[in-house]
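# Architecture at a glance
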Amino acid sequence: MPSATPPASPQPVNFLGRETSPYLLQHADNPVHWRPWGEAALAEAKARNVPILLSVGYAACHWCHVMAHESFEDETIAGLMNELFVNVKVDREERPDLDAIYQSALAMLGEQGGWPLTMFLTPGGEPFWGGTYFPPSPRYGRPGFADVLRGMSAAWRDKQDQVKRNVDALVGALNRRPESGGGEIALETVDKVAARLGEAIDMVHGGIDGVPKFPQCSIFELLWRGWRRTGNVDLRSATIVTLDRICQGGIYDHLGGGFSRYSTDAQWLAPHFEKMLYDNAELIELLTLVWQETKSPLYAARVAETVGWVEREMMAEGDCFAASLDADSEGEEGKFYVWTEAEIDRLLGAGAAPFKDAYDVRPGGNWEGHTILNRSKRMLLGAAEHEERLAKSREILLKARESRVRPGRDDKVLADWNGLMIAALARAGSVFDRPDWIARAVAALAGVREHLTARDGRLRHSYRRGRLQHPATLDDYANLARAALALHEATGEADYLAYARRLVDLADRYYWDTEDGGYFFTAADAADLIARTKHAHDNATPSGNGTMAMVLTRLFHHTGETRYRGRAEATIAAFSGELGRNFFPLATLLNAAEFLARPLQVVLVGRHDNPSFRAMLRAVAVAASLPNLVLQTIGPDADLPVGHPAHGKGAIDGNPTAYVCDGPVCSAPIADDKALAAALAQR
């Protein structure tokens, strides 16, 4: 190792100017000499023999903006970064594969993950130390960023033995395979986990006890399934109190619709105001599932309002969906969304008093001198007349809000997040009898297929302004296959089933672990990565392996092909040993295990243009909350796969007919919607 740091490279051209990521473009004019991830950055680090400073964030991230303003726009700190490091900026939404690797490395260092992620790497890309947000000078119990930069550079220069030990330990751990229990996950185990998670719920305000609070939809689906399966009313109550509080809290945008990413307090009052496509997709679907039992007007309203927000503010190229809205506008977090009492009084006049009472508007505000609109005082909606008056007041305020400087919008199209929203719209559209929502999902999937499929027939992860970029991950295939199956059940169109099968075939070819089972996060031919990770834990979105296990189970029932069931079993078995280490992030995998063990198949025989057939479809949609439902609609002249419990059964006397199949046993033919609703209500 040289005794002195080589000089920094000369002032470069704008290395980020040709990127499509809004997040990278936000940093294109920083005095930091940012480079995108790639061979050129690694080669420069090797040539200069300096470490890489990797900074990972996303366009809607508030603390990413804070660190950018404090450090990356500061000439002194930027000069230090340029002198001591090759600086690489990554959009975590474009490169979830890179983010997953380095977030895991940070966790192995005993640090809490998140964004912005700040990692120090060897010129080969191996991590040796890291953190998240660093202030420019010591603050919040954190070291100052300038001190961190000097310390890491000195460690690289003078403590190579320690750096090598860190690198070897971290890279070895990153490539370690998950623990396989070698078998199925029993329903008794799922019940125990649900009960344990139920004990962690804040039964006053909802959510996992503590702060910050995230919606954690996969966990609350697990609790809801546990209630449906075991009758444990505490799990039902935990789910409902959480959804009620989220729907009425400040985390929800009561004027424009849509949910923010998380709450900074226990009451769901003050969010970080960024709105992510994936959170809203997951909440639409969970609210729809729980509404099927509760028929809560609040949940129906929040679903409709959130879909309205998606259609108004989140549409992107090709009828697809944009990724996110920023937390900040005019350099201030939440400025677009908050109000003063004086503004409310001026805009609403005589109607201000009931609105202020309903939405917690106070003279001094409820957050930093302003008011975050919320209805946490009352969990139920009011009488129809009262709600109509409030709706008119909201329209006035929404119109006034439109004149404000809007938060930034990240309009890139991501395959996995679009899959989540397509599935949510397909299911909500079926349940709430909104064919326009289903049509929106149909158009979005068509757009994804057109814009996110490369010439080799494989998916790519990201698309923006005519540029298809970055290799797909397992999550892209899993979520789009799930979306295609949701549309198949919503429309009866066979093409969606065929597309789901194609996606699974590609996932099997490029992502399947032939030695231990389960799917890797990245493809076998993926380049520029130091590790090939494989896991089943949920992050901000449901795990790809858990989702794929559900897809495989559903494909088995739709096709009768046992290879799908076998692969679902193998996927779950590949991660069953992880339950003994930490079950908390495995909710999607556990939900998949229950689905595999307890599917409920409903077969409708008839024609979609027949009013009686459509009445039966409505009965399936609203009779009960059925998380394990597999809906199959076939024409009078068609048949189900050999081996299906209803194989050979058809329409009775030419009339639409239903069969409800629990495991290998099917009901007698059901010939009208009321009888079908009664049969499903007993499940």
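Scroll up to find the structure.
Residues numbered from 1 in each chain as written. Predicted model: local features only at pLDDT ≥ 70, side-chain atom pairs only at ≥ 80, totals over all residues. Heavy atoms only, no water.

### Structural notes on the pairing of strand 3 (residues 86–91)
Here is the rule: The buried label goes to any residue with under 20% of its type's maximum accessible area, the exposed label to any with over 50%, and the partly exposed label to all in between, with areas taken from a 1.4 Å probe on protein chains only. In this description a helix means any DSSP run of H or I spanning at least four residues, a strand means any run of E spanning at least two, and both kinds are numbered starting from the N terminus. Pairing between two strands is assigned when DSSP locates at least 2 bridges connecting them.
The buried count for strand 3 comes to six of six residues, which makes it a mostly enclosed element. Residues Val86, Val88 and Val90 point to one face of strand 3 and Asn87, Lys89 and Asp91 to the other, with burial holding for every one of them. Judged from the three bridges that link them, strand 1 (residues 34–36) and strand 3 form a sheet pairing that is parallel. Directly across from Trp34, in strand 3, lies its bridge partner Asn87. Pairing geometry for strand 2 (residues 52–57) and strand 3, over six bridges, is parallel. For Ile52, the partnering residue across the bridge sits in strand 3 and is Val86.

### What about helix 22 (residues 587–597)?
Using the following cut-off: The criterion used for residue contact is that any of the two residues' heavy atoms lie within 4.5 Å.
Counting buried residues along helix 22, 10 of its 11 residues qualify, which places the element largely inside the surrounding structure. Listed as buried for helix 22 are Ala587, Thr588, Leu589, Leu590, Asn591, Ala592, Ala593, Glu594, Phe595 and Leu596. Taken together, the buried residues of helix 22 touch helix 8 (187–198), helix 9 (217–230), helix 20 (544–559), helix 21 (562–575) and strand 17 (629–634).

### Describing the state of the cysteines
The following threshold applies: Defined by distance alone, a disulfide is two cysteine sulfur atoms within 2.5 Å.
Under the defined criterion, the tally for this structure stands at two disulfides. There is a disulfide in this structure between Cys61 and Cys64, and the S-S distance comes to 2.4 Å. As the torsion about the S-S bond is roughly 80°, the Cys61-Cys64 disulfide counts as right-handed. Of the two residues, Cys61 and Cys64, neither departs from the other in class, the shared state being buried. A disulfide bridge connects Cys661 with Cys666, and the sulfur atoms are separated by 2.0 Å. Given an S-S torsion of about 100°, the disulfide between Cys661 and Cys666 has right-handed geometry. In this structure, Cys661 and Cys666 share a single accessibility class: buried. Disulfide connectivity for the chain, with bonded cysteines indexed by sequence position, reads 1-2, 3-4.

### So, the sheet that holds strand 5 (residues 127–131)
What counts, and what does not: Axes, fitted as lines to C-alpha atoms, cover a helix only where it is in contact. Angles between the N-to-C directions of the axes lie from 0 to 180 degrees.
With respect to topology, five strands assemble into an open sheet ordered 1-3-2-4-5, the strand pairing being mixed. Since the sheet does not close on itself, it has two edges, and those belong to strand 1 and strand 5, each with one partner. On average, each strand axis in the sheet is inclined to that of its neighbour by 30°, with strand direction left out of account. As paired elements, strand 2 and strand 4 (residues 117–121) share five bridges and run antiparallel to each other. Across the sheet, residue Ile52 finds its bridge partner in strand 4, namely Leu121.

What is shown is where atoms sit, not what they do.
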